[in-house]
Amino acid sequence: MRLRFPVHALPPEAERLRAEVREFIAQELAAGLWKPGGDFASHYDPAFSRRLAARGWIGMTWPRRYGGAERTMLERFVVTEELLAAGAPVAAHWIADRQSGPLLLRYGSESQRREFLPRIARGEIFFSIGMSEPDAGSDLAAVRTRATKVAGGWQLTGRKVWTTFAHLNHYAIVLARTGDAGESRHAGLSQFIVDLKAPNVEVRPIVNMAGAHEFNEVVFDGTFVPEDRLVGEPGNGWTQVTSELAFERSGPERYLSSLQLAEAALACARERPSPRLREALGRMAARLAALRAMSIAIAAELQAGEMPNVEAALVKDLGNAFEREVIAVCRALAAELPRQTAEFTTALAQTTLYAPSWTLRGGTREILRSIVARGLGLR
Amino acid sequence: MTRQTTAPLFAPDPVVAEAAERAFADLARRYHEHRGGNETAAREKLLAAVEELGFAEALAAADDREGWAQAAPILRAQARAAAPIDMAWLLATGERAAAIAYDPDCYDAGAGLLPAREGARIALALGRLQQIGAAMEAALALTLRYVQERKQFGRPLAQFQAIQHSLAVAAEEVAATNAAADGALACAATEGIAAARLAFLLDAAALVAGRGVEVVRDACHQAHGAIGFTREYALARHSLDLLRWRDNLFALRGGELACAERLGDRALAAGGLWRTVTAAMTAGGSHD
């Protein structure tokens, strides 16, 4: 695998867009519409998502005929990184924008694209990921949820867990077994767009360690899924869920989860920073710059139509490690900050509570390192 | 999505890269085969060969995009081959004195040579970063080969997950170091070494490389066991090169803590880490 990514500068139009996004965020904050905090997976605000959509910043790389703005991946990169750096509430539309929409664009039918993409881009409908199950975590091929062919569609039976915001979102893209697993265990899987409000779908809360209800268990008890909600070819589910991992793993959400905490520490000590804080902030800046350079390189390759999945796994592992280091450093420095603002103590508690989830979601540290090891020819 | 793509800001010259890889691999092989006894003569032969190849001139002329596109692959080829001839020093000074030949077995934890001129120190730091990235690549490549051949407990070391993950983490540090090193180089190549944001990028790259050297050396030595701790096995050369270039790089920047504190001070002065990092990474932008 490559251990040297090309250097890309963000083009001028992307930098102009950054100014627009910063201006938008400043207005939102001035109007007191939300408080910075949380991260891409926990800070949920449908009204914010709709205001973002009104700017054309959801589904922004998609074709206009599906409600997109035909902007580049690098422009999308700038919008997402600015929103995340500001701690904006992006969770409602995040999965639909990053994952479900692109999936439908690539594998969905024309009628699925016309039905769902414009509504996603308008911030009207939100999606969950229906992959993990009680016995299928990192080993996704072990899914047991089954879809059986019936007249006019499919009958879905099984349980999904850790389904973030299934109680608030409209749809989930569910991975289910439709045929034999085969030797590779990757055969016989299919993806379906499932209406979370449909009959025989039960959404039960799973409260997380931070005390928040974000996760759910979703039970399908003979749920009817119409024929036209099958995404792509039956049996092609594994290829579909693994084909765009670079998209899911290389983005700024993989290294910015604790940025708000670092910024809060900086704000607490701006007038009288200790040498140790100056050093710690400098080390964070250095690490952040390297991660961002790699993430931009991957965004440029995505723009060129490539899918550098192994490199993305590398960036995610490094990024998640950085996110967690920031917390440890800020905690160690807390006692010598000249003051501790409410922003700092809240961010410290929140990031500390959520940190274990960062190195799990979207591929565990162990899975990512195994992917990199395979890229190195070790497996 | 529109298919409009952007070209990389900086790309090494592939022709120079290929020629340099071949030449330095050959020079290093001959040096290490024939030294035993008369090391001075072996080093002099090396110097003469480098003069002949014209690589020295290419390095002395590195001051724009084309110049750096030739200089970077030469530096990397020398580092990858562990040819004991310090090509980066030629970035700092046109003189082709014996100073560029060094004893590959010697490490003294000293600062190394420091040019007087600030511009020369910046150019040398950029060169050190390229050498460090390439030496890391070479150490890792050697280790990847070794763990696939070496068997313990009845199977190749490469099949142990602990080894796989340790080397995966090392690879991540190599990629981070290269990204930081190339970001600084691209800035120098396109905006010149006087660019305001270059100081940020160099300090940041030095910190990333400094940590990378620790992680990569640790993983490579650990996977090799005792053989990697011998003078004749090739890991030693890369390992010592990484140490001497890391030390010199930090000395050129006034020390590791100075790098970190300067970056921290910039962020404090600008009122935010994010603001500082995005500004410093914007082509043509200043750091704050």
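Residues numbered from 1 in each chain as written. Chains lettered and ligands numbered in written order. Predicted model: local features only at pLDDT ≥ 70, side-chain atom pairs only at ≥ 80, totals over all residues.

1. A closer look at the overall build of chain B
Then comes step 1: Regarding its fold elements, chain B presents eleven helices and two strands.
Then comes step 2: Taken from the N to the C terminus, the helices and strands of chain B come in the order α-α-α-α-α-α-β-β-α-α-α-α-α.
Then comes step 3: The globule rule puts the C-alpha radius of gyration for 288 residues at 19 Å, and the 19 Å found for chain B is close to it.
Then comes step 4: Viewed in the frame of its principal axes, chain B has a C-alpha envelope of about 55 × 45 × 45 Å.
Then comes step 5: Residue pairs in contact within chain B that sit at least 24 positions apart in sequence constitute 73% of those at least 6 positions apart. (Helix = DSSP H or I, 4+ residues; strand = E, 2+ residues; numbered from the N terminus. Rg over C-alpha atoms; globule rule 2.2 N^0.38 Å. Contact = placed C-beta atoms within 7 Å.)

2. Overview of the overall build of chain A
Then comes step 1: A count of helices and strands for chain A gives twelve helices and eight strands.
Then comes step 2: Considered along the principal axes of its C-alpha atoms, chain A spans approximately 70 × 50 × 40 Å.
Then comes step 3: Scored against the burial criterion, the 379 residues of chain A give a buried share of 55%.
Then comes step 4: Counting only contacts in chain A whose residues sit at least 6 apart along the sequence, the fraction spanning at least 24 positions is 75%. (Buried ≥ 20, exposed ≤ 12 C-beta atoms within 10 Å, placed from the backbone.)

3. Points about the environment of A:Leu288
Then comes step 1: Here A:Leu288 lies in helix α9 (residues 275–303).
Then comes step 2: Sequence separation of A:Leu288 and A:Glu23 is 265 residues, and the distance between their C-alpha atoms is 23 Å.
Then comes step 3: Leave out the neighbours within four places in its chain, and A:Leu288 touches A:Tyr255, B:Leu273 and B:Val277.

4. Re the environment of B:Cys106
Then comes step 1: Residue position: B:Cys106 is located in the loop between α5 (89–92) and α6 (118–149).
Then comes step 2: Residues B:Cys106 and B:Val174 lie 68 residues apart in sequence; the distance between their C-alpha atoms is 24 Å.

5. A few points about the domain arrangement of chain A
Residues and elements named next belong to chain A.
Then comes step 1: Here the domain parsing of chain A yields domain 1 (12–125), domain 2 (129–235) and domain 3 (244–375).
Then comes step 2: Between domain 1 and domain 3, the C-alpha centre-to-centre distance is 21 Å.
Then comes step 3: Contact residues are listed per partner, giving 18 residues for domain 1 and 20 residues for domain 3.
Then comes step 4: At the level of elements, α3 (73–85) and α4 (91–107) are the ones that each hand at least two residues to the side of domain 1 that touches domain 3.
Then comes step 5: In the side of domain 1 that touches domain 3, the residues fall into nine nonpolar, six polar and three charged. (Domains from an automatic or database assignment. Nonpolar A, V, L, I, M, F, W, Y, C, P; charged D, E, K, R; others polar.)

6. Thoughts on the interface of chain B and chain A
Then comes step 1: Every contact between the two is made by 52 residues of chain B and, on the other side, 55 residues of chain A.
Then comes step 2: Breaking the side of chain B that touches chain A down by element, the ones donating at least two residues are α6, α7 (161–191), α8 (198–224), α10 (256–270) and α11 (273–280) of chain B.
Then comes step 3: Among the elements that make up the side of chain B that touches chain A, the one with the highest residue count is α7(B) (16 residues).
Then comes step 4: Considering only residue class, the side of chain B that touches chain A consists of 32 nonpolar, 13 polar and seven charged.

7. Let's talk about α10(B)
Then comes step 1: Here α10(B) is 15 residues long and its end C-alpha atoms lie 22 Å apart, about the 21 Å a rise of 1.5 Å per residue gives.
Then comes step 2: All of the buried residues in α10(B) are B:Glu256, B:Cys259, B:Ala260, B:Glu261, B:Arg262, B:Leu263, B:Gly264, B:Arg266, B:Ala267 and B:Leu268.
Then comes step 3: Looking at the packing, one finds that the buried side of α10(B) touches α8 (259–268) and α9 of chain A together with α8, α9 (235–252) and α11 of chain B.
Then comes step 4: Directly after α10(B), the chain includes B:Gly271, whose backbone phi takes a positive value near 80°. (Expected span 1.5 Å × (residues − 1).)

8. What to know about the packing of α7(B) against α8(B)
All names here are of chain B.
Then comes step 1: For the pair α7 and α8, the least separation of the axes is 8 Å and the interaxial angle reads 155°. What the angle tells us is that α7 and α8 run roughly antiparallel. For the element pair α7 and α8, the recorded crossing hand is left-handed.
Then comes step 2: Of the residues that constitute the contact of α7 with α8, the class distribution is 23 nonpolar, five polar and two charged. (Axes fitted to C-alpha atoms, helices over the stretch in contact; angles between N-to-C directions. Parallel < 35°, antiparallel > 145°, perpendicular 65-115°, else oblique. Left-handed = near helix turned anticlockwise from the far one by under 90°.)

9. Thoughts on the pairing of strand β2 (residues 146–150) of chain A
Residue and element names in this part refer to chain A.
Then comes step 1: The pairing of β2 with strand β3 (residues 153–160) spans five bridges and is antiparallel. Each residue of the ladder has a partner; that of Thr148, found in β3, is Gln155.
Then comes step 2: In this antiparallel pair of consecutive strands, β2 and β3, the connection spans two residues, and Gly152 shows a positive phi of 80°. (Pairing = 2+ DSSP bridges.)

10. Brief notes about α11(B)
Residues spaced three or four apart along an α-helix point in a common direction, a consequence of the helix completing one turn every 3.6 residues.
Then comes step 1: Taken across its eight residues, α11(B) has six buried, putting it largely inside the fold.
Then comes step 2: Inspection of α11(B) places B:Leu273, B:Trp274, B:Thr276, B:Val277, B:Thr278 and B:Ala280 among the buried residues, and these make up the whole buried set.

11. Digging into unusual backbone geometry
Then comes step 1: The phi angle at A:Phe165 is positive, at roughly 55°, despite the residue not being glycine.
Then comes step 2: Summarising the element assignment, A:Phe165 is placed in the loop between β3 and β4 (171–177).
Then comes step 3: The phi angle at B:Ala109 is positive, at roughly 55°, despite the residue not being glycine.
Then comes step 4: By the element assignment, B:Ala109 lies in the loop between α5 and α6.

12. Observations concerning the pairing of β4(A)
Residues and elements named next belong to chain A.
Then comes step 1: Summarising burial for β4: seven of the seven residues are buried, a large majority.
Then comes step 2: Alternating residues of β4 divide into Tyr171, Ile173, Leu175 and Arg177 and Ala172, Val174 and Ala176, and every residue in both groups is buried.
Then comes step 3: The pairing of strand β1 (residues 127–130) with β4 spans four bridges and is parallel. Paired with Phe127 across the two strands is Tyr171, which belongs to β4.

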